[in-house]
Amino acid sequence: MEPIEISFGGYKGPASIHAAAARAVGASLERALGDRVRFDLEPDVMARGHKAGDLLPMTESGELTCCYIASIRFSKIIPEFQLFELPFLFENREEIYQALDGGLGEVLKQRMHAETPYRVLGIWDNGVRHITTNVRPVRTPGDCKGLRIRIQLSEFLENAFRALGFIPCAMDIKEFLDKAASNEVDAQENPLAVIRDFKIQDHHTYITLTGHIFGIVLVLCNARIFDTWPDDVKKAVLRAAEEATRLQRQLAAAEDEGVLAELDNGNTQIIRLSATELAAFKAATAPLI
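Definitions and limits used
Residues numbered from 1 in each chain as written. Predicted model: local features only at pLDDT ≥ 70, side-chain atom pairs only at ≥ 80, totals over all residues. Heavy atoms only, no water. Buried < 20%, exposed > 50% of the residue type's maximum accessible area, 1.4 Å probe, protein only. Helix = DSSP H or I, 4+ residues; strand = E, 2+ residues; numbered from the N terminus. Arc of directions from axis to C-beta. Polar contact = N/O pair within 3.5 Å; in protein donor to acceptor, adjacent residues only side chain to side chain. Axes fitted to C-alpha atoms, helices over the stretch in contact; angles between N-to-C directions. Parallel < 35°, antiparallel > 145°, perpendicular 65-115°, else oblique. Left-handed = near helix turned anticlockwise from the far one by under 90°. Contact = heavy atoms within 4.5 Å. Nonpolar A, V, L, I, M, F, W, Y, C, P; charged D, E, K, R; others polar. Core = buried A, V, L, I, M, F, W, Y, C linked by side-chain atoms within 4.5 Å. Pairing = 2+ DSSP bridges.

With respect to helix α3 (residues 93-100)
At step 1: Every buried residue of α3 is listed here: Arg93, Ile96, Tyr97 and Leu100. An end-on view of α3 places all buried positions within 105° of arc, on one side of the element. Opposite the buried face of α3, by more than 90 degrees, sit the exposed residues Glu94 and Gln98.
At step 2: The N-cap of α3, judged by a side-chain oxygen 3.3 Å from the amide nitrogen of Glu94 a few residues on, is Asn92.

Let's talk about the packing of α3 against helix α10 (residues 231-263)
At step 1: Put simply, α3 and α10 touch, their axes get as near as 12 Å, and they point 165° apart. Taken together, α3 and α10 sit at an angle that is classed as roughly antiparallel. Where α3 crosses over α10, the handedness of that crossing is right-handed. Contacts between α3 and α10 involve Arg93, Tyr97 and Leu100 on the former and, on the latter, Arg249, Ala252, Ala253 and Asp256.
At step 2: Considering only residue class, the contact of α3 with α10 consists of four nonpolar, no polar and three charged.

Description of the environment of Ala170
At step 1: Position of Ala170 relative to the elements: it lies in strand β6 (residues 167-170).
At step 2: Classification of Ala170 as partly exposed rests on a relative accessible area of 43%.
At step 3: When the C-alpha atoms of Ala170 and Ile149 are compared, they prove to be 8.2 Å apart, with 21 residues separating the residues in sequence.
At step 4: Those residues within four positions of Ala170 in sequence are excluded, and the remaining contacts are Ile151, Gln152 and Leu153.

Side note on the nonpolar core
At step 1: Ile6, Leu29, Phe74, Phe81, Met112, Leu220 and Trp229 are the most contacted members of the largest nonpolar core, which totals 70 residues.
At step 2: Excluding residues within four positions of it along the chain, Phe81 makes contact with Ser71, Phe74, Ser75, Leu108, Met112, Ile216 and Leu218.
At step 3: Core analysis: the next-biggest nonpolar cluster, separate from the first, contains 19 residues, Phe161, Phe166, Ile213 and Leu273 among them.

Concerning the side chain of Ser154
At step 1: Tracing the chain through its elements places Ser154 in the loop between β5 (148-151) and α6 (155-163).
At step 2: Of the residues examined, Ser154 reaches a relative accessible area of 7% and is grouped as buried.
At step 3: If we skip the residues at most four places from it in the chain, Ser154 touches Ile72 and Glu85.

Examining the pairing of strand β2 (residues 37-42)
At step 1: Where strand β1 (residues 4-9) meets β2, six bridges bridge the pair, whose relative direction is parallel. Within β2, the position partnered with Ile4 by the bridge is Val37.

Any link to function would need more than the numbers given here.
Below you can see the structure in the form of structure tokens.
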């Protein structure tokens with residue numbers, strides 16, 4: 001009998017913690033199912049010319065079996081995901097993990113299964129987001145005025161950054177990376193690991209530790225393909241995804257400290273906001289919440 005082919009796609013590259021967690025899925029499946037399953041990881045679809053958003057149609061069509069992608073891609077059809085686009089809503093990782101592993105996470109999974117062709121296998125940590133700029137340090141909302149900032153495709157994010165004084169420019173990460181060297185965009189916001197992995201610090205000198213949003217990544221499987229698998233394969237996949245989720249979250253928390261030390265090397269200026277300075281950002285965006 002031919003082995004079951006399971007292909008897993010991502011966009012953050014082979015050295016990312018997302019790729020490490022995806023490899024853990026494959027290793028778990030090989031331990032549980034042996035040669036009944038053949039697991040293949042494509043860690044960066046952008047390396048062959050795709051956008052990150054292409055992971056969804058690739059998974060829906062069956063070109064990929066599984067992928068990970070930011071939840072923001074679904075916030076229009078499933079409004080509950082807009083919680084993760086509201087600035088300064090969550091205090092810490094522990095708070096959000098508890099919600100994701102409890103009632104909130106269950107609601108999100110059920111809504112995804114009802115409204116999309118995907119099955120949620122896990123919810124991963126997509127990092128605490130910070131602001132980088134190539135024009136001037138940002139310490140107050142006044143420093144943001146008139147700067148063009150790349151954001152993800154989100155009405156909430158657009159409103160939040162407009163409230164801070166930015167001019168929001170929504171675009172895929174690949175499009176932003178193509179523009180970064182030409183200074184067409186003055187600022188952007190991303191987790192520290194993304195800043196490092198995509199070498200944004202080569203173009204943006206200033207990194208302001210706002211911690212304004214905690215992002216999540218959905219690990220998705222083509223639901224039609226999932227439903228064709230034998231029960232023991234389904235259980236093995238779900239178990240592997242659960243183990244990988246625990247690993248990915250552990251790696252995410254540890255990664256932040258290491259990446260910050262790596263970025264704080266003299267070529268960039270790390271801006272740590274005081275409680276008073278951070279309060280000004282929260283006050284500017286509070287009406288959105």
